[in-house]
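# Architecture at a glance
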Amino acid sequence: MSSLAPLPLDAPGSSSAPADILHEVFGYSQFRGPQQDIVDHVVGGGDALVLMPTGGGKSLCYQIPAIARQRAGRGVSVVVSPLIALMHDQVGALHEAGVNAAFLNSTLDWEQTQDVERRMLRGEITLLYAAPERVNTPRFLSQLDSLKERGKLSLFAIDEAHCVSQWGHDFRPEYRALTVLHERYPGVPRIALTATADALTRADIVERLQLEEARQFVSSFDRPNIRYTIVEKKEATTQLLRFIEREHEGDAGVVYCQSRKRVEDVAVMLKGAGINALPYHAGLDAALRQKHQDRFLREEGVVMVATIAFGMGIDKPDVRFVGHLDMPKNIEGYYQETGRAGRDGAPADAWMTYGLQDVVNQRRMIDESPAGEEFKQVMRGKLDALLSLAEASDCRRVRLLGYFGEKSTPCGNCDNCLNPPQVWDGTDAARKLLSTIYRVQQLSGISFGAGHIMDILRGKETEKVKQFGHERISTFGIGAEFSEVQLRGVLRQLIATGALAVDAEAFNTLKLTEGSRAVLKGEANVTLRESVSSPAARGGGKPRREKAARGAPSPAAAALDGDGQKRFEALKAWRAEVAREHNLPAYVIFHDATLAAISERAPATLEDLQGISGIGTKKLEAYGSEVLRVCSAF
Ligand code: ADP
Ligand code: ZN
């Protein structure tokens, strides 16, 4: 880590006005969205629950109050975070900005731990990051007691607060014990933050963390720069490869898969195709996992192929796409994972393949889980919401935001808006399928799988059809006009909407449900997207996002002229060196957008650098003259 002798910026006596801190320490000119209100509320000693999408700027909501309160002589703020593997970089980023921060976790040896504890007890540390299991140890609590007695315990920030809820997707039992903070230190303000915000999880956070009195700050969850696309699954890995080659060559991205095996296979496939891909899942050795994560954060253009074990707290700003080869469990998970794309605000893609098998697998996982029936019901409801998003032929964003309780209008930046899918009325096909299933069951007394049912409807005299005498069924051949692709689509939607069930214990055979009746009686309409690969749908012109310019993988630099581009490239090379020396990701030194702004301005003096977004006092001091030297070559 960088050596950081004097840290005058936290010193009591410097301005504790939030706007000054924003400007001086972080180099930003304005608060974003609700940041100002949140910061004012917490600086003033209020409790807060902050719900903001990934990339919305949650960190400043507790970092600025922590600095302001330290400057006002109130001492240490404790940040509870489950992300041990990221604490080093989070703290490193604060050091770069000149803030006195440290972490306590199992990666420190005894001496280092004691050193941090000593500095903490002296009240010198402004932001102390600690894992939840650490917070609840007698040793740590007695240290907090000592701080409290001397009026040096300033604030608790509880990051990733949804970890306290079993309805969230990252439940951590240790989070439940955090009520001790409130009970033991009632006068110390608390701010809890999360990017997961469905009503159930939110209510659970409030209850579990005893935040009933806290003010709630709920931001819009829209991420306008993310383009949502959900395609029908054919050969998923080939589809993925085409998508990356066509739209994201050389970009950093994350690809989520359901299983470890699949992660390994896909990583190998992508690597074979010349893509810089790495696997990440809980079955890998911890050191290797950390190494892959470091490479993803520190190198450019790495594609991480991962299970959902990867990603929480990853604040890499320039992830250009998030792919899902398998469907997640629910919309919260999908939104959280896709939200890791485009934190820098530049265009990014969320791309998913989805097929019948996903529906079957997810339903089975719920059915077979050891959880109680009530829990399973909630999980099924959540899965249904995601399925209807996948089946939708209208704006994806309207549906996503609607799920989080926000009303909006068609966005113009999702697959369905850009290239409205052809829809066809599948009501007739659905009725014919369901009545075939019914008749077959009547005749043979057993259930059959999708393939056989479709064969009957399409009038195919297969061995199996003849063996069971199913050519005698009255629906035999009455669906000859439907293609297999169409019928599969109908089946998928029937299963997705609960009008048909798959019996996993009986060879994936199809069973009618309560919900079948309405469709059979013609009371429910079935509208389907035309298969994406069908010729009708293909002609539509989704404007493909061309790379701004070859060799300029950063959208930030797209607008620069020739010399500007050269400065940008030179600054990036310089930044990579500094980052390596400090053992930090490059974006912690300067974001691409900051380098682009510098390149555009072609600075000759330190004054020229002032006011560029992302250059605070400390960074100007530390890097200003180097930046000028690099730029002077052009
Ligand atoms: P979150 O934790 O909500 O996902 P972060 O706190 O990591 O988001 O912020 C996302 C990005 O936005 C970071 O790169 C951060 O530096 C930047 N950012 C946050 N607030 C501001 C602001 N007021 N002005 C400019 N950039 C900001
Ligand atoms: Zn849309």
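Given the structure is predicted, the values throughout are model-derived calculations rather than measurements. (Residues numbered from 1 in each chain as written. Chains lettered and ligands numbered in written order. Predicted model: local features only at pLDDT ≥ 70, side-chain atom pairs only at ≥ 80, totals over all residues. Heavy atoms only, no water.)

### Examining the environment of Ala371
When you line up the elements, Ala371 lands in the loop between helix H15 (356-368) and helix H16 (373-391). Sequence separation between Ala371 and Ser77 is 294 residues, and the spatial gap between their C-alpha atoms is 38 Å. (Helix = DSSP H or I, 4+ residues; strand = E, 2+ residues; numbered from the N terminus.)

### Thoughts on the pairing of strand S9 (residues 253-256)
Of the two faces of S9, the one lined by Gly253 and Val255 and the one lined by Val254 and Tyr256 are each fully buried. As paired elements, S9 and strand S12 (residues 321-324) share four bridges and run parallel to each other. Across the sheet, the residue bridging to Tyr256 is His324, located in S12. (Buried < 20%, exposed > 50% of the residue type's maximum accessible area, 1.4 Å probe, protein only. Pairing = 2+ DSSP bridges.)

### Some remarks on helix H27 (residues 592-601)
All of the buried residues along H27 are Asp592, Thr594, Leu595, Ala596, Ile598 and Ser599. Those residues of H27 hidden inside the fold are in contact with helix H25 (562-582), helix H28 (606-609) and helix H29 (617-632). Residue Ala602 follows H27 closely and has a positive phi angle near 50 degrees. (Contact = heavy atoms within 4.5 Å.)

### Overview of the pairing of strand S3 (residues 101-104)
Across the two faces of S3 the burial is the same, with Ala101 and Phe103 and Ala102 and Leu104 all buried. Bridge analysis of S3 against strand S4 (residues 127-130) gives four bridges, and the strand direction is parallel. Across the sheet, residue Leu104 finds its bridge partner in S4, namely Ala130. This β-α-β element, S3 to helix H5 (residues 110-121) to S4, shows right-handed connectivity. (Right-handed = clockwise from strand over helix to strand, strands pointing away.)

### Some points on the sheet that holds S9
The six strands are arranged S8-S13-S12-S9-S11-S10 in an open sheet whose pairing can be described as parallel. One side of each edge strand has no neighbouring strand; the edge strands of this open sheet are strand S8 (226-232) and strand S10 (277-280). Pairs of neighbouring strands in the sheet enclose a mean axial angle of 15 degrees, with direction left out of account. As paired strands, S8 and strand S13 (residues 348-354) are joined by seven bridges and run parallel to one another. Its bridge partner being in S13, Thr229 is matched across the sheet by Trp351. Against the sheet, helix H13 (residues 286-298) engages S9, S10 and strand S11 (303-306), with an angle of about 140 degrees to S10. (Axes fitted to C-alpha atoms, helices over the stretch in contact; angles between N-to-C directions.)

### Re the packing of aromatic side chains
Each aromatic ring pair is characterised by the separation of its centres together with the angle its planes make. One pass over the full model with this rule turns up 15 aromatic pairs. Ring geometry for Tyr228 and Tyr335: centres 6.4 Å apart, planes at 20 degrees, overall stacked. Of the two residues, Tyr228 is situated in strand S8 and Tyr335 in helix H14 (residues 331-338); the sequence distance between them amounts to 107 residues. Here Tyr228 and Tyr335 have matching classes, each one buried. Through a chain of ring-to-ring contacts, the aromatic side chains of Phe221, Tyr228, Tyr334, Tyr335, Tyr403 and Phe404 assemble into a single cluster. In this arrangement the basic side chain of Lys316 is found over the ring face of Phe296, its NZ or CZ atom lying 5.6 Å from the centre. (Phe/Tyr/Trp six-rings, centres within 6.5 Å; stacked < 30°, edge-to-face > 60°. Lys NZ or Arg CZ within 6 Å of the ring centre and 35° of its normal.)

### Side note on the domain arrangement of the chain
The domain architecture assigned to the chain consists of domain 1 (18-218), domain 2 (226-421), domain 3 (424-531) and domain 4 (555-632). Between domain 3 and domain 4, the C-alpha centre-to-centre distance is 62 Å. (Domains from an automatic or database assignment.)

### Let's talk about the sheet that holds S3
Picture the strands of a sheet paired through backbone hydrogen bonds; they go either parallel or antiparallel. Taking strand neighbours across the sheet as the criterion, the seven strands line up as S3-S4-S2-S5-S6-S1-S7 in an open arrangement whose pairing is parallel. The two strands at the open ends of the sheet, each matched to only one other strand, are S3 and strand S7 (215-218). For this sheet, the mean angle separating the axes of adjacent strands, direction not counted, is 20 degrees. As paired strands, strand S1 (residues 48-51) and strand S6 (residues 190-194) are joined by four bridges and run parallel to one another. When the sheet's bridge partners are listed, Leu51 is paired in S6 with Thr194.

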